[in-house]
Amino acid sequence: MTHRIEVGYRPGFPDPRGMDTLSTIRSFLSIPIREVRCFDVYTIEADLSEQEVIRACDHLADPVTQQGAVGRLAPAPFDFVVSVGYRPGVTDAVGKSALVLLQDMAGRSLAPSSAVFTSRLTFLSGVNEQQAHRIATELLANSLIERFFILSQSDYLASPIDLSIPVINSTHTPVCGAIDLSGSDQKLERLSKERILSLSLEEMKAIREAYEEPDFLRARTVVGLGAFPTDAELECLAQTWSEHCKHKIFNATIDYYEQGQESKTIESLFKTYIREPTERIRKQQETRRGESWLVSVFHDNAGVIAFNDDYHLVYKVETHNSPSALDPYGGAMTGVVGVNRDTFGTGLGADLLVNVWGYCLADPRTDRQIPRGLLHPRRIRDGVHRGVIDGGNQSGIPYGRGWELFDDRFLGKPLVFCGTVGKMPVMSAGRPTHLKAARPGDRIVMCGGRIGKDGIHGATFSSAQLDESSPVQAVQIGDPITQKIMFDFLIEARDRGLYHAITDNGAGGLSSSVGEMCVASGGAQLDLAKAPLKYPGLDPWEILISEAQERMTLAVAPEHLEAFMDLARHRNVEASDLGVFTDSGYFHVKYADDTVVYLPLAFLHDGLPAMRLTARWQPPRHEEPLLAERKDYSEVLVSLLGQPNLASGEEKARHYDHEVKGLSVIKPFVGVRGDMPSDAAVFLVSHGSFDGVVLSEGVHPHYADIDAYWATAAAVDEAVRKAVGTGARLDHMAGLDNYCWPDPVQSDITPDGQHKLAQLVRSATALAKACETYGVPCISGKDSMKNDSMMGGVKISIPPTLLFSVIAKIDDVTKAVSMDVKTVGAKVLLLGATRDELGGSEYFRMLGAVGNAVPKVYFEETLPLYRAVQTAIENELLLSCHAVTRGGLAVALARSAMAGRLGLVLDLDEDERLRSLTTPAALFSESTGRFVVTVDPSKIKQLEAILPSGSHSLLGVTTPDAMVEVKHRGNKVLQTAVDTLVHAFQETFHAI
Amino acid sequence: MRSDVEARRNNVRVLVLTGFGLNCEAETTHGFRLCGAQVEQKHLSDVLLSKRPLTDYHIIAMVGGFSFGDHIAAGVVWANRLRYHLFDRIMRFVSEGGLMLGVCNGFQTMVKLGLLPGFDRGYGQPVATVAANDRLGYRNAWVRVKVDLESPCVWTRGIDEMELPARHGEGKFLLQNNELLDRLRDEHLVALRYVDEQGKPTQRWPDNPNGSPDAVAGVCDPTGRLLGLMPHPDAYLYGINHPHWARKKLEGTLQREGQGLRVFQNGVDYAADLKN
């Protein structure tokens, strides 16, 4: 039977969501609405008595602030009401918890078909029908996942009580069809696009050719398959061969041309510039100290490095760009809970320790017309933050690093980076935890959530540009609590030794997870009819590739199956035995009695034809801005601090938990008021031990407008420098590369593909150079190669963006150094050389220019300096240490002073190089390799003895009166109260 | 003498309940262990399955987290499960002198279960709630709390002020009516209040992060043995958890232990009969 319970706030009590909606309507939509009230609606499909429903109502409504009613709760007068509920089949996490509540209350198990569906009523006062419609469509409901209706007060009160429930009553009988691959090239290409396979013509032809092999065909007839691929096989191949899974561009053979240079041919950027340098660093470590701390790199879900005798560290950073463009909240949430699964599913499983996030977005304050089909950047920013906040907080994982970077080219596709650090016990249940392998005979067990149509084609879709026909089912909805409950269960199972291998179901769903795991055993036989579904009617291919969230796949030995299943039941985790790992050499998928996929593993994994691409480098020339000389740059600094890429993001960031687990040491925000972003995060790894992990990152897409080589060198340098300056060991530091590029394959819609590919080649070259020089090996990475959107004939491509993240060890966290000045009378030193490198700087961007003099990295200067800084920190010689980055020296000085709420009196002429530069270059050049440090006067001598000669200058002292006063070439070029700077820094995104 | 104290502490048994989205069990467990107690982390499902009485323990820790995702409202689904499946055992535990500490989600749960404030020891009938912060949304920032020195609370004895991180979206403690709020104050059940830099109870954000009337940060029952609070003593076990630990180090005031640990120590020492 169906029951409806409505819950609203009592008169006199604030209605939080109503208030929130009210202010958002006013600020986002500029509609001067008078009042908003919200009711929560629970539509219950369960066999409950009348008394039980009344009791349920008492439990659902708060005894102090709310009132509830069975049926309809009388609303206060209003103009229009908007009812918003999920579409059929969409995950309803709150509904699931409400069902738990009902079950506990009833004290008996309710029928398996019982369910609770949540929806909400939003009562709007002071709007007309048209405004109500705008509010519903632009704010309250996301039509991809939700449906809504709008009624006036009189229509609402006259309407019968709504007892409809969003269920899928599919009468569709699952079928598996064969797909005819004969015919013209155009037909193949059309097929690829229409089915969202994202396979190229060459790849489609390679599949066709495989199906013409007599041996291949003969094997198929034995299992009852015909000459054409089944839909499930084609979909499975498309997932496995997707750019997302196979990194085709990074593995392509590339011919690179540069004017005045000999052309070169690169066999795989990944192999040449990422894997090989890492292997060389491994050899160096082995030579130098007999062993390497690289434990597991590139082949697992995340990279693993040694930490101490008890734990390894695991790190992975992912992107979730396309889904976040369509449904910012759901897309970004799946970004964080998805990367949690990556780190969790590494080796035999890792405990999750710290999340990181970073977003490249268009300015949320923009008032420009947004192309149809794209969401306003403010809505994207808001939704992305809320998604990762909810996902991270509910999973009980603190964040360590968070940043935002703005450029209008991210309008077409926002970049949503989410990463997770884990710690893995070196041994668990007597086994090395970092090793895993499914064995023939092991059962294929899937656990966690159920499978639905959500997230079908995620992997292939992310390998395509965004356009009006982008599939709605590519969006998944995360349910962090279901995942958290599953993780808790799996850690118990890991420590009891109940499985041999584990991996997550992310991109490509079961086709990828089982398809990859069965390489170790040599085959698999899977029965899709045994997979638990959210609703009936899914075809086998949909079950196979669905990316429905919160699922892991495991290899469980038959003798452990019962114990595993028992534990799952006791932890309220659904687990299903879907088949068996074999050594048949085939990926064999059945649907009950019928075979739907029969593919040789060799073809599935190695049948993909290699790409051959051309890259052509032509350095761009940008106009140099005219710089008007001024005497006083105080106002310039104040304006600069308010630029979106330099302004405070604290308001949003404080909504993310950063202290759960009780291990945080250097927090994301530091200083006397805790309002200045730190250079790097420091966390303890376990209770009772004072060695820790250091995290930082660098990202410089604006330098890539001049040269992606130096953009990349700068990103690596910044990440390394911030970590070292906080106390990390340079000789125990690893890196992660996350490439987000505009499509670099030349085509009709990408006429500048060769240039973009050349940018990629240059970036990878610099990555290898920087990583090898610093001895910081890449241990994991990700590339996202189609960050373009085409809406109404307008193409928007992102600037080439590399996020470089580092993870490092600090031996004693009590020696970590933060960026804030701490004492009066401390000496202020600049370490590192400043050059006239304003190209791509925030200062130039504020002037509307790009310039050409991009900051370079002079490794012969930086490497010895960083080693010296590490020694200085180990000897506790630095009071504060702040890397000079975006915005240049003036911004770095301002930030250190603001953080400590102290003043600085400095003379830049004390530094020979600064003296030789123009004032704008001295203040705002973004030359790499520099730190601003403060030092107790008594320790200057000791520090100078450590620093390489000529690498530093003493600029002045800290003062109590909270004024920043800086002289250059005899002029007082900065003279500003710290409060003025703080105001500018915090104003830009206040209440945005 | 010293070893006698340690032995007594070591006899204190603590149950840390886990599962269904709770997430502060590791730091809570470590906190009690640092104080010398024996700690068992147990999944609620295992506690429900075994019929072992809770009176085997001296202390039950209700830890922070997002039980059942804070769906419907924080702590509601979890409290409901305890109400229908564990309440009798909890009541016996409380009536036989057991101690409970609820932090954040644990506090919300104790309130929604009617364990706090427990006027007249009438446990089980909720008369209060923990509602959404005045400034909406989850927020993580350190706050300063002051102890009501006349409070019967055994967990806060000897503590005057503490700094602790607050990390919640629903922390505003509300009672059914103003008379009850007066009573709460008169009976000194507001064990902890948010205070400003001068140490005065405050309604001002961000010092009072949620707008709780009377600056309520933590509430105890009339026996003083049950305490619930929103800020996290479990996230200040070490001196270096404090945002300004480096400044304290320069001043020579940095301690290895964090102030939050004192709450745990009070509970353990009370249970060990060291503070009666």
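Preceding block: the structure.
Here is a short report on the structure shown in this document. (Residues numbered from 1 in each chain as written. Chains lettered and ligands numbered in written order. Predicted model: local features only at pLDDT ≥ 70, side-chain atom pairs only at ≥ 80, totals over all residues. Heavy atoms only, no water.)

All names here are of chain A. Residues L490 and F564 are the most contacted members of the largest nonpolar core, which totals 304 residues. No other element matches the 12 residues that helix α25 (residues 708–724) contributes to this core. For this core, the domains that each give at least three residues are domain 1 (2–158) and domain 2 (817–992). Beyond its immediate chain neighbours, meaning those up to four positions away, L490 contacts F344, C447, Y499, I502, M552, L554 and F564. (Core = buried A, V, L, I, M, F, W, Y, C linked by side-chain atoms within 4.5 Å. Buried < 20%, exposed > 50% of the residue type's maximum accessible area, 1.4 Å probe, protein only. Helix = DSSP H or I, 4+ residues; strand = E, 2+ residues; numbered from the N terminus. Domains from an automatic or database assignment. Contact = heavy atoms within 4.5 Å.)

Applying the stated criterion across every chain yields a total of 70 salt bridges over all chains. The salt bridge partner of A:D104 is B:R81, with a shortest N-O separation of 2.9 Å. Of this pair, A:D104 sits in helix α3 (residues 93–106) while B:R81 sits in helix α4 (residues 76–85), on two different chains. Residue class for A:D104 comes out buried when judged on its relative accessible area of 6%. Here A:R762 makes a salt bridge to A:D707, at a shortest N to O gap of 2.9 Å. Placement of the pair is A:R762 in helix α26 (residues 753–774) and A:D707 in the loop between α24 (701–704) and α25, with a sequence separation of 55 residues. Owing to a relative accessible area of 9%, A:D707 belongs among the buried residues under this scheme. A cluster of three or more residues bridged by salt bridges with shared partners is formed by A:D407, A:R409, A:D705, A:E842 and A:R845. (Salt bridge = Lys/Arg side-chain N within 4 Å of Asp/Glu carboxyl O.)

This paragraph deals with the pairing of strand β22 (residues 575–581) of chain A. Residues and elements named next belong to chain A. Counted residue by residue, β22 has 5 buried out of 7 residues, so it is predominantly covered. Alignment of strand β17 (residues 443–448) against β22, held across 5 bridges, turns out to be antiparallel. Directly across from R443, in β22, lies its bridge partner V580. When strand β20 (residues 524–527) meets β22, the two strands line up antiparallel, connected through 3 bridges. Bridging across to β22, L526 finds its partner in G579. (Pairing = 2+ DSSP bridges.)

Residue-level contacts link 63 residues of chain A with 60 residues of chain B. Taken together, the connections running from chain A to chain B amount to 5 salt bridges. Salt-bridge contacts for B:R167 lead to A:D657; the nearest nitrogen and oxygen are separated by 2.8 Å. At the level of secondary structure, the elements contributing two or more residues to the side of chain A that touches chain B comprise α1 (16–29), α2 (50–60), α3, α15 (377–394), α17 (480–495), β26 (664–666) and α29 (888–900) of chain A. It is α3(A) that provides the largest number of residues to the side of chain A that touches chain B, a total of 8 residues.

Now for the sheet that holds strand β31 (residues 733–740) of chain A. Residues and elements named next belong to chain A. Overall, mixed pairing links the 6 strands, which are arranged β26-β29-β30-β35-β31-β32 in an open sheet. Looking along the sheet, the strands with just one partner apiece sit at the ends: β26 and β32 (778–784). Pairs of neighbouring strands in the sheet enclose a mean axial angle of 20°, with direction left out of account. Of the pairings in the sheet, the one linking β31 to β32 comprises 6 bridges and is parallel in character. Residue pairing for β32: D737 is matched across the bridge by G781. In the packing of α25 onto the sheet, the strands contacted are β30 (692–699), β31 and β35 (801–810), and the crossing angle to β30 comes to about 150°. (Axes fitted to C-alpha atoms, helices over the stretch in contact; angles between N-to-C directions.)

In this description, a pair of aromatic rings is defined by centroid distance and the angle of the planes. Applying the stated criterion across every chain, the model contains 35 aromatic pairs over all chains. With a centroid separation of 4.7 Å and an interplanar angle of 20°, the aromatic rings of A:Y843 and A:F924 are classed as stacked. One end of the pair, A:Y843, is in helix α27 (residues 842–846); the other, A:F924, is in helix α31 (residues 919–924), and 81 residues separate them in sequence. For A:Y843, a relative accessible area of 5% gives the class buried. Under the relative-accessibility criterion, A:F924 is labelled buried at 0%. Judged by centre distance (6.0 Å) and plane angle (15°), the rings of B:F107 and B:F173 are stacked. Residue B:F107 is located in helix α6 (residues 105–112), and its partner B:F173 is located in strand β8 (residues 170–175); the two are separated by 66 residues in the primary sequence. Relative accessible area serves as the criterion here: at 1%, B:F173 is assigned to the buried category. Chaining the aromatic ring pairs together yields one cluster made of A:F39, A:F78, A:F123 and A:Y156. Lying over the aromatic face of A:Y257, A:R616 brings its terminal NZ or CZ to 4.7 Å of the ring centre. Seen from the ring of B:W205, B:R135 lies directly overhead, with NZ or CZ sitting 3.7 Å from the centre. (Phe/Tyr/Trp six-rings, centres within 6.5 Å; stacked < 30°, edge-to-face > 60°. Lys NZ or Arg CZ within 6 Å of the ring centre and 35° of its normal.)

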